[in-house]
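# Coordinate inspection notes
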Amino acid sequence: MIDLSLAEVANVTGGTLVDVDEPDTRVSAAVVVDSRLVEPGGLFVAVAGERVDGHEHAAAAVAAGAVAALVRRPVGVPGVLVDDPVRALGRLAAACARLLPDCTVVGITGSAGKTSTKDLLAQVLGETGPTVAPVGSYNNEIGVPLTVLRAEPGTAFLVVEMGARGGGHVAWLCDLVPPTIGCVLNVGSAHLGEFGSREAIAQAKGELVEALPPAGTAVLNADDDKVAAMASRSRARVRTFGASPHADVRLADLTTTPVGCATFDLVADGQRAPVTLRLLGEHQAMNAAAAAAVALAAGLTLEEVATRLSTAEPRSRWRMERTERSDGVLVVNDAYNANPESMRAALKTLAGLAHARGGRSFAVLGEMRELGEEATAEHDRIGRLAVRLDIDQLVVVGEEARPLHLGASLEGSWGSESELVCDADAAVDLLRSRLRPGDTVLVKASRAAGLERVAQALLTDEPVDESR
């Protein structure tokens, strides 16, 4: 956090100090929206949500060391009174971003892969200079400001993940923290129900490249027609990535290791460098290519990028998180979120892993949300894909995901290979009765389904009886 006084915080947010004895008191630690995360010298932002009103926790935040709270109404502790704490948080972040003139700001957007790409890029850039990147998937009107406010005067790179649930969202985030480099990963089906069409999604994602200055760089997916077409919307230099022979940063000779990690060559500017990722799944290669293209635009060499990608570790939980039990059952927890594109990638990874390990494959899948009118058809397609990939057992969780079960049941000669269960507990019971050492289990659904509980339950189990 860039050190500011409470008087300065009030000035940049358009607020008024209340119950503050010393306006020169400095905000010298993190800005947080969770009172449990307060550090001495920090600032607490009282966000009023559907279930929890942060104003009710402001006193606890101050007791824990916060110098004040950003509030909509007085709450009896030192505060900065504003019209809307979330908007004020954005104004505070924008003011601090303007105090980072030598920092390279990277914006990343896309329907899938933002968090994995961000995690890879942060590790690649981090060896060159101090780098700040989002925690988890902090990519909205709250998460982006919180990320920006972690930057300090010496920060060399600020990586910002930018999500959107409608037109204008990415543009607003770019106004808050103007990017130097903008990367668009893909245009897929995520949030299709909210946008209405892929064309509308593309229009929204493209707001990132429209915000770039002429001296900036737009990094675009050459393999995605809707993304590649965004080149005409940017004043910045354009660099592309992908498997296309015309990509500026190209993936070549892509395969996977026996443990399911992508291995490939990066080709750029007449040079070639090998990469073997530590992240699970062949699809991570495209995320790595995107990170490489951004890092090259930021001034790194291809050799530096390839070496650092090969040592980068998974950072965000519940995203192809691989854990092997003592009995050899491998659990892949990818339950943080799901859309048709990420479902397909995860199922292909499961099939490859099970084949390499010699055991059976179990896919525990739940609902993919926010698909609108395409929801039934997309779930049906995923169910049929599970059959075509020869997944041994499909466990579909929840009535909302029934079309996935029906699609699998109608494809080929499947019968009991697909089972519909009512909830996560029922899925755990079924798996406990059927898993054997050497099996591989994938758990995946949209976040609201809460299927991480399935993975967590399996990992706390005692080893199964091999005689079962």
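This text gives an overview of the structure that appears in the document. Only a predicted model underlies this, so the values are computations on that prediction, with no experimental measurement involved.

The next point concerns the packing of helix H16 (residues 424-434) against helix H17 (residues 452-460). Contact pair H16 / H17: the axes reach a minimum separation of 9 Å and the direction vectors enclose 35°. In terms of crossing hand, the pair formed by H16 and H17 is right-handed. Of H17, the residues touching H16 (which contributes Ala424, Asp425, Ala427, Val428, Leu431 and Arg432) are Arg453, Val454, Ala457 and Leu458. Residue composition of the contact of H16 with H17, grouped by class: 7 nonpolar, no polar and 3 charged.

Turning next to the packing of helix H1 (residues 6-13) against helix H3 (residues 85-97). In contact at an axis separation of 8 Å, H1 and H3 are set at 110° when each is read in the N-to-C sense. By the angle between their axes, H1 is roughly perpendicular relative to H3. Contact with H1, carried on its side by Val9, Val12 and Thr13, involves Ala88, Arg91, Leu92 and Ala95 of H3 and no other residues of that element. Here the residues of the contact of H1 with H3 are counted per class, giving 5 nonpolar, 1 polar and 1 charged.

What follows is about the sheet that holds strand E19 (residues 361-365). With mixed pairing, 6 strands are arranged side by side in an open sheet as E17-E18-E22-E19-E20-E21. If you trace the sheet from one side to the other, it starts and ends with strand E17 (321-324) and strand E21 (418-421), each paired once. Each strand of the sheet is rotated relative to its neighbour by a mean of 15°, with strand direction disregarded. Where strand E18 (residues 330-334) meets strand E22 (residues 440-444), 5 bridges bridge the pair, whose relative direction is parallel. Directly across from Val332, in E22, lies its bridge partner Leu442. Across the sheet, H17 touches E17, E18, E19 and E22, and the angle it forms with E18 is around 155°.

The next point concerns the pairing of strand E15 (residues 261-268). For E15, the buried fraction is high: 7 of the 8 residues fall into the buried class. Bridge count between strand E14 (residues 249-256) and E15: 6 bridges; the pairing is antiparallel. Note on E15: the bridge partner recorded for Thr255 is Thr263. Linking E14 to E15, which pair antiparallel, is a turn of 4 residues; within it Gly260 sits at a positive phi near 90°.

Looking now at unusual backbone geometry. At Asp19, a position not held by glycine, the phi torsion is positive, near 55°. Tracing the backbone through its elements, the reader meets Asp19 in the loop between strand E2 (16-18) and strand E3 (26-27). Even without being glycine, Asp253 reaches a positive phi, approximately 55°. Among the residues examined, Asp253 registers a relative accessible area of 57% and is labelled exposed.

Let us now look at the environment of Asn333. Of note, Asn333 is situated in strand E18. Residues Asn333 and Ala455 lie 122 residues apart in sequence; the distance between their C-alpha atoms is 5.9 Å. Ignoring any residue separated from it by four or fewer positions in sequence, one finds Asn333 in contact with Trp318, Arg319, Met320, Glu321, Val443, Glu452 and Ala455. At 3.1 Å, the side chain of Asn333 and the backbone nitrogen of Ala335 are in polar contact.

Here the focus is helix H15 (residues 402-410). Three or more residues of H15 are buried, namely Pro403, Leu404, His405, Gly407 and Ala408. Against E19, helix H14 (375-388), strand E20 (393-397) and E21 lie the buried residues of H15. Residue Gly412 follows H15 closely and has a positive phi angle near 65°.

In a beta sheet, neighbouring strands pair by backbone hydrogen bonds and run either parallel or antiparallel. Strands sit in the order E2-E7-E6-E5-E4 across an open sheet of 5 strands; the sheet is mixed. Of all strands in the sheet, those with a lone pairing partner are E2 and strand E4 (31-32), marking the two edges.

What counts, and where the lines are drawn
- Residues numbered from 1 in each chain as written.
- Predicted model: local features only at pLDDT ≥ 70, side-chain atom pairs only at ≥ 80, totals over all residues.
- Heavy atoms only, no water.
- Axes fitted to C-alpha atoms, helices over the stretch in contact; angles between N-to-C directions.
- Helix = DSSP H or I, 4+ residues; strand = E, 2+ residues; numbered from the N terminus.
- Left-handed = near helix turned anticlockwise from the far one by under 90°.
- Contact = heavy atoms within 4.5 Å.
- Nonpolar A, V, L, I, M, F, W, Y, C, P; charged D, E, K, R; others polar.
- Parallel < 35°, antiparallel > 145°, perpendicular 65-115°, else oblique.
- Pairing = 2+ DSSP bridges.
- Buried < 20%, exposed > 50% of the residue type's maximum accessible area, 1.4 Å probe, protein only.
- Polar contact = N/O pair within 3.5 Å; in protein donor to acceptor, adjacent residues only side chain to side chain.

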